[in-house]
Amino acid sequence: MARTLVELLHIVAGVVATALIASLAVWAVPVAGRTIWWVAYFSMLAVAFMGIRPLRAAWKADRARRNGTTTDE
């Protein structure tokens, strides 16, 4: 369960960091706010999608550890 939580926290941290950077960019250039947020939303989606494979691998490793078996990784 620990590996899965770490991977989930990485995804959440990436999304939060993206939102923070976007909000600072909107503060710096308010005229481009709508465009900045659209780019930020797509970046958040990319962060989430890139985290799926490591999340699945961590879940598989945690499940194997709980069951007392080994994984190929």
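Up top is the structure these notes are about.
Below: a short report on this structure. (Residues numbered from 1 in each chain as written. Predicted model: local features only at pLDDT ≥ 70, side-chain atom pairs only at ≥ 80, totals over all residues. Heavy atoms only, no water.)

Focus on the side chain of T18
1) Next: Residue position: T18 is located in helix 1 (residues 2-28).
2) Next: At 2.8 Å, the side chain of T18 forms a polar contact with the backbone oxygen of G14.
3) Next: Apart from residues lying up to four places away in sequence, T18 is in contact with A40, S43, M44 and V47. (Helix = DSSP H or I, 4+ residues; strand = E, 2+ residues; numbered from the N terminus. Polar contact = N/O pair within 3.5 Å; in protein donor to acceptor, adjacent residues only side chain to side chain. Contact = heavy atoms within 4.5 Å.)

Points about a nonpolar patch on the surface
1) Next: A cluster of nonpolar residues, W38, Y41, F42, L45, F49 and I52, forms a patch on the protein surface that exposes about 700 Å² of accessible area.
2) Next: No other element matches the five residues that helix 2 (residues 33-50) contributes to the nonpolar patch.
3) Next: Relative to the elements of secondary structure, F49 occurs in helix 2.
4) Next: In this structure F49 comes out as exposed when scored by relative accessible area, which is 56%. (Patch = residues over 30% accessible without salt bridge, like charges linked within 9 Å, V, L, I, M, F, W, Y side chains within 5 Å. Areas by Shrake-Rupley, 256 points an atom, 1.4 Å probe, with all protein chains shown as cover. Salt bridge = Lys/Arg side-chain N within 4 Å of Asp/Glu carboxyl O. Buried < 20%, exposed > 50% of the residue type's maximum accessible area, 1.4 Å probe, protein only.)

Some remarks on the packing of aromatic side chains
1) Next: Evaluated as defined, the whole model comprises three aromatic pairs.
2) Next: Grouped by ring-pair contacts, the aromatic residues W37, W38, Y41 and F42 constitute a single cluster. (Phe/Tyr/Trp six-rings, centres within 6.5 Å; stacked < 30°, edge-to-face > 60°.)

Side note on helix 1
Every α-helix winds through 3.6 residues per turn, so residues three or four apart in the chain are directed the same way.
1) Next: Look at helix 1: 38 Å from first C-alpha to last across 27 residues, which is about the 39 Å you get at 1.5 Å a residue.
2) Next: Listed as buried for helix 1 are T4, I11, G14, T18 and A22.
3) Next: Each element contacted by the buried residues of helix 1 is listed here: helix 2 and helix 3 (52-67). (Expected span 1.5 Å × (residues − 1).)

Things to note about the side chain of D62
1) Next: Topologically, D62 is positioned in helix 3.
2) Next: The charged side chain of D62 is buried without a salt bridge, its nearest counter-charge being R3 at 4.5 Å.
3) Next: Every residue in contact with D62, bar those within four places of it in the chain, is listed here: M1, A2, R3 and T4. (Lys, Arg positive; Asp, Glu negative; His and termini not counted.)

Overview of a positive patch on the surface
1) Next: On the surface, R53, R56, K60, R63 and R66 cluster together into a positively charged patch.
2) Next: Residue position: R63 is located in helix 3.
3) Next: Relative accessible area serves as the criterion here: at 32%, R63 is assigned to the partly exposed category. (Charge placed at Lys NZ, Arg CZ, Asp CG, Glu CD.)

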